[in-house]
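Architecture and fold: a report
Now for the letters of each chain:
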Amino acid sequence: MSAPTAAAHSRALAPYEDAPDPGPLLALNFGFARARVLGTALELGVFTGLARGPRGTRGLAAELGCDTASLRALLAALEELGLVAGGAEESWTLTDASRAHLVEGGRGYLGDHFADVLAEWDQWSGLTELVRGGGHGGGELGAPENRGLYPGMFAGIFPVGVRTAFRVVRELSLPEAGRVLDLASGAGEWGIALAAADPRARVVAHDFPELLTAARERAAEFGVAERFRFVPADFTRDYAGDFPKAPFPGGCFDTVVLAHLSRFAGPDATERLVQECARLLRPGGTLLIVDVMRQEPGRPALHRPMIALSLLVNTEAGGVQEESAYRAVMEKYGVTAKESVTPGLITVLTGERR
Ligand SMILES: C[S@@+](CC[C@H](N)C(=O)[O-])C[C@H]1O[C@@H](n2cnc3c(N)ncnc32)[C@H](O)[C@@H]1O
């Protein structure tokens, strides 16, 4: 029998060579490793260490209590991800992005947020079963009925949220904010943006005490803290069986903000939340609903379908609802839906209390 010819080899190879490039699939398959590399670097304090000045691997390893060779491997991966530089000279430095967002104590620090997201790891492992069998993973993420205390996750995203809040408040034709309730305020970016736009505005920030500590610091950072009141809440305990009933008389606010709570709580709780917001607003007052509602233009890194899956695995009842659903609920409880803008992942919908 004669040996296969070069032509036969080429014929055998052709289906492999002609197939679409599997590169993007391989990158996707390995996506979890990127998140783990970032999480490990944050846990070890790599970025905070390098913020003190350029370092060789050996020096940094001694400082952080790491094995030199393993740390070198981690740093090489971080360099590939654009999070450190200087590997060729073995003199590691931060990049602009890591200096801005990954150094502990910095204003733009996102590490606490990333750590809480990474802690969802096990919940996400259940996705296959959830897709097969339906239902929700039932994590505790943010659902008010479900002890959603995650200061890292919710206050830690302030550096991202505050940019959007200021931009949207500038863009929307809102009346003067006046007496504002920021319900489930987190670190308070919406109340802060409204207070900055209206020098006479007074804001009540309402959230877990742990979150209000962050809101207090951020309000001070923007010079509006003296116009803030911080009212602690534990929706689960305080409003048990009757969530949400905020401890304020009806009609006592000119503006109520409901930002990034509904999608965690789900459609039924959203209905009760909107009803409560309507109760708290004076006639003519403004309701601002901020949430992930529709396909965002430009598809930033975290896009709507991923958020929807995250709510499936991490909450009891959460989900992404269409803007039309929010408009319908507003209408039902005496709020006329008005303007909406979608500056990225989120939509901001305004309404006027009738
Ligand atoms: C996704 S964050 C939104 C924060 C803020 N409104 C924003 O736009 O960034 C949801 C907020 O609801 C608060 N929250 C959830 N469950 C709560 C509960 N049981 N009692 C008080 N606050 C709660 C969380 O602490 C968190 O700050």
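Residues numbered from 1 in each chain as written. Predicted model: local features only at pLDDT ≥ 70, side-chain atom pairs only at ≥ 80, totals over all residues. Heavy atoms only, no water.

- An unreviewed UniProt entry annotates the chain as Methyltransferase of Streptomyces rectiviolaceus.

**Topic: the site of the ligand**
- Around the ligand sit 19 residues, and of these Ala184, Asp207, Phe235, Ala259 and His260 come closest.
- For the ligand, a nitrogen atom lies 2.6 Å from a polar atom in the backbone of Ala184.
- Residue Glu189 places a side-chain N or O atom 3.0 Å away from an oxygen atom belonging to the ligand.
- Coverage of the ligand by the protein amounts to 98% of the 580 Å² it exposes when considered alone.
- When residues of the shell around the ligand are traced back to their parent elements, those giving at least two are helix H13 (189–197) and helix H15 (235–238).
- In terms of residue class, the shell around the ligand is built from 11 nonpolar, 5 polar and 3 charged. (Near = heavy atom within 4 Å. Polar contact = N/O pair within 3.5 Å; in protein donor to acceptor, adjacent residues only side chain to side chain. Areas by Shrake-Rupley, 256 points an atom, 1.4 Å probe, with all protein chains shown as cover. Helix = DSSP H or I, 4+ residues; strand = E, 2+ residues; numbered from the N terminus. Nonpolar A, V, L, I, M, F, W, Y, C, P; charged D, E, K, R; others polar.)

**Points about the domain arrangement of the chain**
- Its domain assignment divides the chain into domain 1 (6–106) and domain 2 (144–353).
- Spacing between the C-alpha centres of domain 1 and domain 2 amounts to 36 Å. (Domains from an automatic or database assignment.)

**Concerning the pattern of salt bridges**
- If you walk through the whole model with that rule in mind, you get 18 salt bridges.
- Salt-bridge contacts for Glu129 lead to Arg132; the nearest nitrogen and oxygen are separated by 2.8 Å. Placement of both Glu129 and Arg132 in helix H10 (residues 127–133) is noted, with a separation of 3 residues, approximately one turn of the helix.
- Overall, Arg132 belongs to the exposed group, its relative accessible area being 64%.
- Note that Arg327 is salt-bridged to Glu323, the shortest N-O span being 2.9 Å. With Arg327 and Glu323 both in helix H19 (residues 323–332) and 4 residues apart, this pair spans about one turn of that helix.
- Looking at Glu323, the relative accessible area reads 10%, which means it is buried.
- In this structure, a network of salt bridges that share partners links the residues Arg52, Arg55 and Glu63. (Salt bridge = Lys/Arg side-chain N within 4 Å of Asp/Glu carboxyl O. Buried < 20%, exposed > 50% of the residue type's maximum accessible area, 1.4 Å probe, protein only.)

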